[in-house]
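Next come the chains, spelled out residue by residue.
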Amino acid sequence: MSLPRLLAVLLCTSAPLTAQVASSALKIEVRRALPADDIPQPALPDTAKLPRVLPVNRQSVYTRCETTLPLIAITFDDGPDPVLTPRLLDLLKQRGIHATFFLVGKNAAAFPEVVRRIVEDGHEVGNHSWSHPLLTQLSAEGVESQLRRTHDAIVKACGTAPLLYRPPYGAVRATQRARIEKSFGYPAILWDVDPQDWQHPRNAQKVYDRIQSQTRPGSIILCHDIHETTIAAMPATLDDLAARGFRFATVTQLIAYTTPPELMGPPAPKHLPMSPLGAPPPATAGEGTAKASE
Ligand SMILES: [Zn+2]
């Protein structure tokens, strides 16, 4: 290797900042990418003010949202965890980022105070089944029970009805999906960015690297807030996505914002009551809309 080439390589490999990730139980250093990105930075809306109602004419399944704007949704599955989820909520709050949590019903029932805090902090809650089975192996009644118990546990914990679900392992049959949509009004939310943060050996650096390399405008990022390494990867991951110009919305906000206005349906009447937590009630249009109360 020539000297200039060697110098260039050395410069490239030494330039990235090393982030000391704050974590009481785990110290992981995440090597950060150079903040170089070509993403244009058009005027983005204040994500805190984006609508939290699904469009009337929405899709049945989303793996991502079509947009050229650098708006993305980060999602956390399988919680809430009584220790790790609050730690993640602190990280998100420090950064003013709103995420979406696909909750496992039995965990929501076990840790309702964490569910409450998730909603109070302005995040979205979604249904991820009661006990995380492979839905494709269940009867129609089994699927209904998995989602109903979870829906009710979330409403009981925080007073807000989920508008979305994510099938465990991303697996659901088309017929099951149609029934779920009819019964609950939920679209199925999958993902296009998968850091495989559950995989052994778990590694915060890989979580960071995969998210950075796969994320693009409209992405839905899959993470799990039940792994130490995922939480440890978050400060650098979130900060560097933001530094690259990405802005975070909840999944419902991302869908609503990226859906053409003519498909959004009529605006909600102003006299609709707000929930005790200040979140607007779920969409009332369309059949089988999720219930707002127990
Ligand atoms: Zn899961």
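Residues numbered from 1 in each chain as written. Predicted model: local features only at pLDDT ≥ 70, side-chain atom pairs only at ≥ 80, totals over all residues.

## Observations regarding the overall build of the protein chain
No. 1: When helices and strands are tallied, the protein chain shows 10 helices and nine strands.
No. 2: Within the protein chain, buried positions represent 43% of all 294 residues.
No. 3: Pairs at least 24 apart in sequence give 80% of the contacts found in the protein chain among residues at least 6 apart. (Helix = DSSP H or I, 4+ residues; strand = E, 2+ residues; numbered from the N terminus. Buried ≥ 20, exposed ≤ 12 C-beta atoms within 10 Å, placed from the backbone. Contact = placed C-beta atoms within 7 Å.)

## Re helix H2 (residues 84-95)
No. 1: Taking 1.5 Å per residue, 12 residues should reach 16 Å; H2 reaches 17 Å between its end C-alpha atoms and fits that length.
No. 2: Buried within H2 we find Leu 84, Thr 85, Leu 88, Leu 89 and Leu 92. The buried residues of H2 all sit within an arc of 135° when viewed along its axis, so they share a single face.
No. 3: Its buried side turned inward, H2 meets strand E4 (71-77), helix H4 (112-120) and helix H8 (228-243).
No. 4: Gly 96, located one to two residues past H2, shows a positive phi value of around 65°. (Expected span 1.5 Å × (residues − 1). Arc of directions from axis to C-beta.)

## Focus on unusual backbone geometry
No. 1: Between Gly 79 and the following residue, Pro 80, the backbone shows a cis peptide bond with an omega angle of 5°.
No. 2: The residue after His 200, namely Pro 201, is reached through a cis peptide bond having omega -10°.

## Considering helix H7 (residues 204-214)
For an α-helix the count is 3.6 residues per turn, leaving residues at separations of three or four pointing the same way.
No. 1: Buried within H7 we find Ala 204, Val 207, Tyr 208 and Ile 211. Down the axis of H7, the smallest arc covering the buried residues is 95°, so these residues share one side.
No. 2: Looking at the buried residues of H7, the elements they touch are strand E2 (29-31), strand E8 (220-224) and H8.

## Some thoughts on the environment of Leu 50
No. 1: Here Leu 50 shows up in the loop between E2 and strand E3 (61-62).
No. 2: The partly exposed category is assigned to Leu 50, around which 18 C-beta atoms lie within 10 Å.
No. 3: Put simply, Leu 50 and Thr 252 are 202 residues apart on the chain and 9.1 Å apart in space, counted from C-alpha to C-alpha.
No. 4: If near-sequence neighbours (up to four positions away) are discounted, Leu 50 is found in contact with Pro 45, Ala 249, Gln 253, Ala 256 and Tyr 257.

## Thoughts on the packing of H7 against H8
No. 1: Their axes nearest at 8 Å, the elements H7 and H8 cross at an angle of 35°. Crossing geometry of H7 relative to H8 is assigned as right-handed. Contact with H7, carried on its side by Ala 204, Val 207, Tyr 208, Ile 211 and Gln 212, involves Thr 229, Thr 230, Ala 232, Ala 233, Ala 236, Thr 237 and Asp 240 of H8 and no other residues of that element.
No. 2: For the contact of H7 with H8, the per-class residue count stands at seven nonpolar, four polar and one charged. (Axes fitted to C-alpha atoms, helices over the stretch in contact; angles between N-to-C directions. Left-handed = near helix turned anticlockwise from the far one by under 90°. Nonpolar A, V, L, I, M, F, W, Y, C, P; charged D, E, K, R; others polar.)

## Some remarks on the pairing of strand E6 (residues 124-127)
No. 1: Where burial is concerned, the two faces of E6 agree: the one with Glu 124 and Gly 126 and the one with Val 125 and Asn 127 are both buried.
No. 2: Both strand E5 (residues 100-103) and E6 contribute to a ladder of four bridges, which runs parallel. Across the sheet, residue Thr 100 finds its bridge partner in E6, namely Glu 124. (Pairing = 2+ DSSP bridges.)

## Details of the environment of Ala 157
No. 1: Residue position: Ala 157 is located in helix H5 (residues 140-158).
No. 2: Look at Ala 157 and you get buried, because 23 C-beta atoms sit within 10 Å.
No. 3: Spatially, the C-alpha atom of Ala 157 lies 9.6 Å from that of Ala 110, the residues being 47 residues apart in sequence.
No. 4: Among residues more than four places away in sequence, those in contact with Ala 157 are Ala 108, Pro 112, Val 115 and Arg 116.

## Brief notes about the packing of H2 against H4
No. 1: Between H2 and H4, the least distance of the axes is 10 Å, while the angle of their chain directions is 15°. As judged from the angle between their axes, H2 and H4 are roughly parallel. Crossing handedness for the pair H2 and H4: left-handed. In this structure, H2 contributes Thr 85, Pro 86 and Leu 89 to the contact, and H4 contributes Val 114, Arg 117 and Ile 118.
No. 2: Within the contact of H2 with H4, the residues separate by chemical class into four nonpolar, one polar and one charged. (Parallel < 35°, antiparallel > 145°, perpendicular 65-115°, else oblique.)

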